[in-house]
Each structure stands twice: as C-alpha cells, then as structure tokens.
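Residues per chain, in single letters:
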Amino acid sequence: MSIQPHPPGGVFDGPRHLYAVRVYYEDTDLSGITYHANYLRWFERARSDVLRMLGIDQRAAIEAGGGAYAVADLSMRYLRPAKLDDDVVIETRCTQIRAASVRMVQRALRGDETLCEANFRVGFVAPDGRPCRQPPEWVAAFQSVLSEDDS
C-alpha cells in the first residue's frame, strides 16, 4: 500500500478558521506578485473548508435540490502584495448570521502582516436562484463559531 497525501485543510482557533496556502508561480504575474483575483480563490477555498469542518454538506444539499451558498456581496482591500513562495494564512471569521445569509470577514496574512482583507455576505439560495432559509442545523453550526469582534 502506498502513502497517499491528504488535501490541505484548515483549523479552528476559537472562532477563527485558519487555512494555509503557498504562493506558487501560477498565482503570480510576471513580476512575481500575486495576481489580485487569486485572493478570491484562496478565500473561496477557506470558506469551503469552514463549511466542511462545520459539518455543512453543500454537495448533498445541491444534489437533493435544497440549495447552495452564493456570494451576494463582497468588498476587498489590498494592502500589501503576496510574493512567489510566500506562506499565507487565510483567516476567516463569521460575523453575522441571518435566516438566509452569513457575513464573513477574511484576511490574507503573511505572519502578522495583513495582505488583503475582504467582507463577504454569502446567501443561501434555492435551485431557482431565490434566497431561502438556511437549514436550522447549519445556522446552529455557524453560531458555534460566531465572532463578535472584527466586523
């Protein structure tokens, strides 16, 4: 039997979810600086990991016709560039839970430096694209990691 690596995954530190990424050549432009859209990819991976770790099975909900999360609102601020081979940690905090949405704050960190920060509102939508209530057990899962600081 051969050794099989596992995909990367994050950890919770209290209400903070931490997800590590490394800046690869494909993430950069010709100057070795991370292309701005790649922060969105990293943030999405981290949010997906938050759901997985909270026991929220989006795939099962989609396959059962129940709905899925979609980004409804987003604002980002770029502060410093991530560079080739940097180790970056994506920090995610859930800051508000409503019947059909969750607000999250995410930061890309290199050590103690904030490289990029984003505020997201992720809405739960039915297969027809209309907002609908999140399953109650999912709301409870988000409430377990609700962060009252940083919004």
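Engineer: Would you mind going over helix 3 (residues 136-143) with me for this structure?
Structural biologist: Because an α-helix completes one turn every 3.6 residues, residues spaced three or four positions apart along the sequence face the same direction. Looking only at helix 3, the buried set comprises Trp138, Val139, Ala141 and Phe142. Buried residues of helix 3, seen end-on, are gathered within an arc of 160° and therefore sit on one face of the element. Looking at helix 3, the residues exposed on the side facing more than 90 degrees away from the buried face are Pro136 and Glu137. The elements touched by buried residues of helix 3 are helix 1 (37-53), helix 2 (58-63), strand 3 (68-78), strand 4 (87-97), strand 5 (101-110) and strand 6 (113-125).

Engineer: How should the packing of aromatic side chains be read in this particular structure?
Structural biologist: A ring pair, where both rings are aromatic, is described by two values, the distance of the centres and the angle of the planes. The tally for this structure, following the rule as stated, stands at seven aromatic pairs. Considering the side-chain rings of Tyr39 and Trp42, the 5.3 Å spacing of their centres and the 70° angle between planes classify their relative orientation as edge-to-face. Highlighted residues: Tyr39 and Trp42, both in helix 1, separated by three residues, approximately one helical turn. Accessibility assignment for this pair places Tyr39 and Trp42 in one class, buried. Each member of the aromatic cluster is reached from another via a ring pair, and the members are Tyr69, Phe124, Trp138 and Phe142. For the cation-ring pair, Arg47 lies above Phe120, with the distance from its terminal atom to the ring centre recorded as 4.1 Å.

Engineer: Sorry, what's going on with the pattern of salt bridges here?
Structural biologist: Side-chain pairs of opposite charge can arise whenever the charged atoms involved come near each other. Scanning the model with the defined rule gives 15 salt bridges in all. Ionic pairing is found between Glu113 and Arg80, a salt bridge with its closest N-O pair at 3.1 Å. A residue pair is termed long-range when its members are at least 10 positions apart, and Glu113 in strand 6 and Arg80 in the loop between strand 3 and strand 4 qualify at 33 residues. For Glu113, a relative accessible area of 31% puts it in the partly exposed group. In the salt-bridge network here, residues are joined through shared partners; they are Asp13, Arg16, Glu91, Arg93 and Arg107.

Engineer: Please clarify how the pairing of strand 2 (residues 16-22) should be interpreted in this entry.
Structural biologist: A regular strand places its side chains on the two faces of the sheet in alternate fashion. Relative to strand 2, strand 1 (residues 11-13) runs antiparallel, the two being bridged by three bridges. Within the sheet, the bridge partner assigned to Val11 lies in strand 2 and is Leu18. Between strand 1 and the antiparallel strand that follows it, strand 2, lie two residues; Gly14 among them carries a positive phi value of about 65°. With six bridges joining them, strand 2 and strand 4 adopt antiparallel strand pairing. Bridging from a neighbouring strand, Ala20 pairs with Val89 of strand 4.

Engineer: What is the right way to read the nonpolar core from this model?
Structural biologist: In a soluble, globular protein the nonpolar side chains are often hidden away together inside. Formed by 30 residues in total, the largest nonpolar core has its most connected members in Val88 and Phe142. Where this core is concerned, the elements lending two or more residues are strand 2, helix 1, strand 4, strand 5, strand 6 and helix 3. Among all residues touching Phe142, those that are not within four sequence positions of it are Leu51, Leu54, Ile56, Tyr69, Cys94, Ile97, Val102, Met104 and Gln134.

Definitions and cut-offs
- Residues numbered from 1 in each chain as written.
- Predicted model: local features only at pLDDT ≥ 70, side-chain atom pairs only at ≥ 80, totals over all residues.
- Heavy atoms only, no water.
- Buried < 20%, exposed > 50% of the residue type's maximum accessible area, 1.4 Å probe, protein only.
- Helix = DSSP H or I, 4+ residues; strand = E, 2+ residues; numbered from the N terminus.
- Arc of directions from axis to C-beta.
- Contact = heavy atoms within 4.5 Å.
- Phe/Tyr/Trp six-rings, centres within 6.5 Å; stacked < 30°, edge-to-face > 60°.
- Lys NZ or Arg CZ within 6 Å of the ring centre and 35° of its normal.
- Salt bridge = Lys/Arg side-chain N within 4 Å of Asp/Glu carboxyl O.
- Pairing = 2+ DSSP bridges.
- Core = buried A, V, L, I, M, F, W, Y, C linked by side-chain atoms within 4.5 Å.

Function cannot be inferred from these measures alone, as they are strictly geometric.
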